[in-house]
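The lines below spell out each chain.
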Amino acid sequence: MATEAFEKRAKTQVAIVGGGPSGLLLAQLLWLQDIESIIIERQTAAHVEGRIRAGVLEQGSVDVLTRAGVGERLAREGARHSGFYLAINGKRCPIALEALVDGQVTVYGQTEVTKDLMAACRAAGTEMHHAASEVALHDLETAKPALTFRQDGARWRIEADFIAGCDGFRGPSRQAIPAERRREFERVYPFGWLGILADVPPCQDELIYAHSDRGFALASMRSAKRSRYYIQCRADEPLEDWPDDRLWEELKRRLGPEIAPNITTGPALEKSIAPLRSFVCETMRFGRLFLAGDSAHIVPPTGAKGLNLALGDVHYLSTALAAWYRDGNASGIERYAEVALRRVWKAERFSWMLTALLHDFEDDDSFGKRMRLAELEYIFSSKAAQTSIAENYVGLPFENVLA
Ligand code: APR
Ligand code: PHB
């Protein structure tokens, strides 16, 4: 407010709250259109670059990252996958992405995407404030919205034309939309994923999403030498209950006797338990604030959609802002929330469906369990069902946000 003294002030075109993949990609796409932005991030740069997350990119995500100028290492080191497997109690069914829908996905860790984007933003000279605290959003319904925060003991106020809320599920941006102007939809699942990253060769070339009587398991990878595995566990389970040996044994049992002998075990580079949640905030816009990525929606990781949806939002948002700055075309910023949410809900449906299909639910009765098995058997035997899964897994098309 006018009466409050701020030690440091700055002005920019787009102020970005959160320097994860969404915020970094947005800054980079705006920079390529000569639009200036400033990123304000709660964590240190080292923390952001070190976070271990998922690793499957849709072709649309690869395309947008390439347009942003970070496609080179991705093209060199990313592994193209033309299919994956579903499995029930060790019996595998290929979902042949290429044969069914002429599509592919690229396995390349989110950690690497983040490092590449961070390097690009540094090279572009984008102003980034890391380790910022007390971030607050102001005047969102005016033409001069602002952000205030603290960094290294100094108080800052940044005025902008627009604010992008790229601050993840727990950030302040979504909360800055008055409760009566947003509607939230949520499902919290009664289990989590226990993940292990290890420098051992993957058990096979393609990912395996496995349902077993003991619960879900996923065999994934980062490279020919690094594997990523997950098993369904209780959401409140202490990590100490899962020494590496127990985890490897359980994984082998869930993946079944055909795959187990191919699993190479080794010490965990990282091991953690993540809860599973579906969440959508309607709307994704309030005045001059636009939400993108995890700040607006969360999917359970079963469809590998979290990062892809975030990058998709940023594609829409950067297109909308570029049209506004280039020729005063406001149609994109007017349509952003509606267009982004249409795609978000379809990915929510797919992620929820795969989660329900592959996990064990404690409160399931015997009929529910049979239905799950019958549905899996149907998918195994039906090209139509496999095609629908493949179409969603490779990523649904983008609309023209400016139309
Ligand atoms: N002030 C500034 N930054 C904040 C604040 C805050 N109060 N709160 C959170 N942040 C930062 C976080 O530290 C994080 O770096 O916002 C960033 C949000 O990043 P992500 O949570 O990675 O979300 P997003 O960039 O939308 O990326 C989505 O990342 O979380 C995964 O599964 C998710 O794969 C998806 C992708
Ligand atoms: C991963 O490799 O971390 C991964 C892969 C696929 C998923 C989720 C996570 O669906």
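Shown above is the structure to which this text applies.
In this report, we go over the structure that sits alongside the text. Keep in mind that what you see is a predicted model, and the values were worked out from it rather than measured.

In the vicinity of ligand 2 lie 14 residues, with Tyr209, Ser220, Arg222, Tyr230 and Pro301 positioned nearest. Within the side chain of arginine 222, an N or O atom sits 2.8 Å from an oxygen atom of ligand 2. A distance of 3.4 Å is found between an oxygen atom of ligand 2 and a backbone nitrogen or oxygen belonging to alanine 304. Breaking the shell around ligand 2 down by element, the ones donating at least two residues are β16 (217–221) and β17 (227–233). Grouping the constituent residues of the shell around ligand 2 by class yields 9 nonpolar, 3 polar and 2 charged.

Below, the discussion takes up the site of ligand 1. Surveying the vicinity of ligand 1 reveals 23 residues, the closest of which are Ser22, Glu41, Arg51, Arg53 and Gln110. Separating an oxygen atom of ligand 1 from a backbone N or O atom of proline 21 is a distance of 3.3 Å. Between ligand 1 and the protein, one listed contact pairs an oxygen atom with a side-chain N or O atom of glutamate 41 at 2.6 Å. Contributing elements (two or more residues each) for the shell around ligand 1: α1 (21–32) and α9 (306–327). Examining the composition of the shell around ligand 1, we find that 3 residues originate from one element, α9, more than from any other. A breakdown of the residues in the shell around ligand 1 according to their chemical character gives 8 nonpolar, 9 polar and 6 charged.

So, how was this worked out
- Residues numbered from 1 in each chain as written.
- Chains lettered and ligands numbered in written order.
- Predicted model: local features only at pLDDT ≥ 70, side-chain atom pairs only at ≥ 80, totals over all residues.
- Heavy atoms only, no water.
- Near = heavy atom within 4 Å.
- Polar contact = N/O pair within 3.5 Å; in protein donor to acceptor, adjacent residues only side chain to side chain.
- Helix = DSSP H or I, 4+ residues; strand = E, 2+ residues; numbered from the N terminus.
- Nonpolar A, V, L, I, M, F, W, Y, C, P; charged D, E, K, R; others polar.

Everything listed here is a matter of coordinates, which is why it stays silent on function.
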